[in-house]
Amino acid sequence: MSIFNNITRNLEKVSDYLNLTDSEKELLLKHKTIHKARLIVNKKSYDAWRIIHNDSLGPGKGGIRFHPNVSEDEVRSLSFWMSLKNSLAGLPYGGAKGGVKINSKELSEKESEAVARAYIQSFHTDIGENKDIPAPDVYTNPKIMGWMLDEFEKITGRHEPGVITGKPIELGGCVLRGDATSKGGKIILDLFLENINKRAEDTSVIVQGFGNAGMNIAKMLHNGGYTVIGVSDSKGGIFNENGLDINKIIQTKKELSTVTQYADAKQVTNKDLLELKTDVLVLAALENQITKENANEIKAKNILELANGPITSEADDILNEKGIIVIPDILANSGGVIVSYCEWVQNKTGHIFSKDYMENILKEKLLHSFNGTYELYTKEKDFSMRNAAYVIALKRILNAERARDNL
Ligand code: NAD
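Residues numbered from 1 in each chain as written. Predicted model: local features only at pLDDT ≥ 70, side-chain atom pairs only at ≥ 80, totals over all residues. Heavy atoms only, no water.

With respect to the pairing of strand β12 (residues 302-305)
At step 1: Where burial is concerned, the two faces of β12 agree: the one with Asn302 and Leu304 and the one with Ile303 and Glu305 are both buried.
At step 2: Note that strand β11 (residues 280-283) and β12 share four bridges and pair parallel. Within β12, the position partnered with leucine 283 by the bridge is glutamate 305.
At step 3: Where β12 and strand β13 (residues 325-327) come together, three bridges link them in parallel fashion. Across the sheet, the residue bridging to asparagine 302 is isoleucine 325, located in β13.
At step 4: The β-α-β motif built from β12, the intervening helix α10 (residues 313-321) and the parallel element β13 has right-handed crossover chirality. (Buried < 20%, exposed > 50% of the residue type's maximum accessible area, 1.4 Å probe, protein only. Helix = DSSP H or I, 4+ residues; strand = E, 2+ residues; numbered from the N terminus. Pairing = 2+ DSSP bridges. Right-handed = clockwise from strand over helix to strand, strands pointing away.)

So, the packing of helix α3 (residues 72-88) against helix α14 (residues 385-403)
At step 1: Packing of α3 against α14 leaves a shortest axis separation of 8 Å and a crossing angle of 90°. On the basis of their axis angle, the class for α3 and α14 is roughly perpendicular. Between α3 and α14, the contacting residues are Phe80, Trp81, Ser83, Leu84, Asn86, Ser87 and Leu88 on the first element and Ala389, Tyr390, Ile392, Ala393, Leu394, Arg396 and Ile397 on the second.
At step 2: Split into classes, the residues belonging to the contact of α3 with α14 amount to ten nonpolar, three polar and one charged. (Axes fitted to C-alpha atoms, helices over the stretch in contact; angles between N-to-C directions. Parallel < 35°, antiparallel > 145°, perpendicular 65-115°, else oblique. Contact = heavy atoms within 4.5 Å. Nonpolar A, V, L, I, M, F, W, Y, C, P; charged D, E, K, R; others polar.)

What about the packing of aromatic side chains?
At step 1: Throughout the structure, instances matching the rule amount to ten aromatic pairs.
At step 2: Following the ring pairs from residue to residue traces out a cluster consisting of Phe192, Phe370, Tyr374 and Tyr377.
At step 3: Geometry around phenylalanine 4 places arginine 76 over its ring, the cationic atom sitting 4.5 Å from the centre. (Phe/Tyr/Trp six-rings, centres within 6.5 Å; stacked < 30°, edge-to-face > 60°. Lys NZ or Arg CZ within 6 Å of the ring centre and 35° of its normal.)

Examining α14
Residues spaced three or four apart along an α-helix face the same direction, because each turn holds 3.6 residues.
At step 1: In this model, α14 (19 residues) spans 28 Å end to end at C-alpha, consistent with the 27 Å of a helix rising 1.5 Å per residue.
At step 2: At the C-terminal side of α14, aspartate 405 shows a positive phi close to 65°. (Expected span 1.5 Å × (residues − 1).)

A short note on the site of the ligand
At step 1: With respect to spatial proximity, 24 residues lie near the ligand, and among them Asp137, Thr181, Asn212, Ala213 and Asn308 are the closest.
At step 2: With respect to the ligand, the side chain of aspartate 137 contributes an N or O atom lying 2.8 Å from an oxygen atom.
At step 3: In isolation the ligand has 820 Å² of accessible area, and contact with the protein removes 88% of it.
At step 4: Of all the elements in the fold, those that place two or more residues in the shell around the ligand are α7 (212-223) and β8 (227-233). (Near = heavy atom within 4 Å. Polar contact = N/O pair within 3.5 Å; in protein donor to acceptor, adjacent residues only side chain to side chain. Areas by Shrake-Rupley, 256 points an atom, 1.4 Å probe, with all protein chains shown as cover.)

Focus on the pairing of strand β4 (residues 64-67)
At step 1: Side chains Ile64 and Phe66 project from β4 onto one buried face, and the interleaved Arg65 and His67 project onto a second face that is buried too.
At step 2: Across four bridges, the pairing between β4 and strand β5 (residues 95-101) is parallel. If you follow phenylalanine 66 over to β5, its bridge partner there is valine 100.

A short note on the environment of alanine 48
At step 1: Positionally, alanine 48 belongs in strand β2 (residues 44-54).
At step 2: A relative accessible area of 0% places alanine 48 in the buried class.
At step 3: A sequence separation of 75 residues divides alanine 48 from phenylalanine 123, and the C-alpha atoms of the two residues are 9.4 Å apart.
At step 4: Those residues within four positions of alanine 48 in sequence are excluded, and the remaining contacts are His35, Lys36, Ala37, Leu39, Gly99, Val100, Tyr119 and Phe123.

What follows is the structure in structure tokens.
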């Protein structure tokens, strides 16, 4: 099933509540710009995209992914979620996303740099600090953002650090950006537990995915008193019901490139890891991990979506019926883009904010979007947290479109 079909289906779920007209639905499901290019690097070619879903609230904002499964359908979907995420967080951004269909694990550092520069050579007229602002996503990182910024500035002949976020600190990056998504995810999970009267000390967690988002949240939850009982990466999972020593697993991952080689745990398949009993399952890998095929097997009590779109719309219905509460991606993983916003404001104004100041912005914005979402979720009968978050985010986008006289 196309990923974007999930979005259409999720939009239908809140359509009556929002009294959406056909033209409003059409506007929300249409992308503003879809740019596609074929990057030629060392005589090999790779498909690449930069897509803006909606920019009524401000310039497009969203990461660039390097992955062999990247497709136009995926980038369109990710750009839609960025529109909603930025709207829910109250940021002055629309939604955008980019991607290159490439297996970055097979690239040398020199080849990664050549791909990053080729991407900017193809899309430099489509991005800009007031137009569309990329950032890292799956298998891209600050180093790659640094090469991209450098290529952009070479082509345009001027400095414009605000064109890209998640850069190295020396090029105008932000001290908080590295683990901001995970920090935000933990803040949201702490708030959620507070509302259901549960303590971190009594909460077990399984984390799927051990990259930037998954590894950092596993470490933060472990250090914050939660018991992390399972983790996984693309090679498989490990489990210990008494709790895993996450700091040691990070060492194993660094030395052997996988968590599965960690000795003091039982090895499990990726499929089985998702189906284990736990208080919280954190999904921090890729989209479409819980579908109608495995939703009935899920035994977690609550799910935190740190990845974008890890649960299909049909699976969502099954989980809701089973009473499993899903904290949706557009809320749970918005910490990264909130800190990206701080980086962008610093770059545009020349101000340098203190770490405390930015941490306060992160906390305030997350508290505001969590409270709004949770209040609507508990007030409306048969409403999921996703429905509540979608309603708040879509309303703000539609109001901006009305203010522009587009509706
Ligand atoms: P990453 O490339 O750093 O890590 C991805 C991890 O997922 C890797 O450890 C990989 O081995 C693992 N993985 C892949 N397939 C798997 C599978 N089937 N089972 C278990 N593990 C698997 O990427 P990331 O930046 O951590 O992003 C992860 C997710 O979080 C993506 O959906 C991304 O869009 C989302 N996200 C990331 C950020 C950010 O700031 N990094 C912000 C918002 C959302």
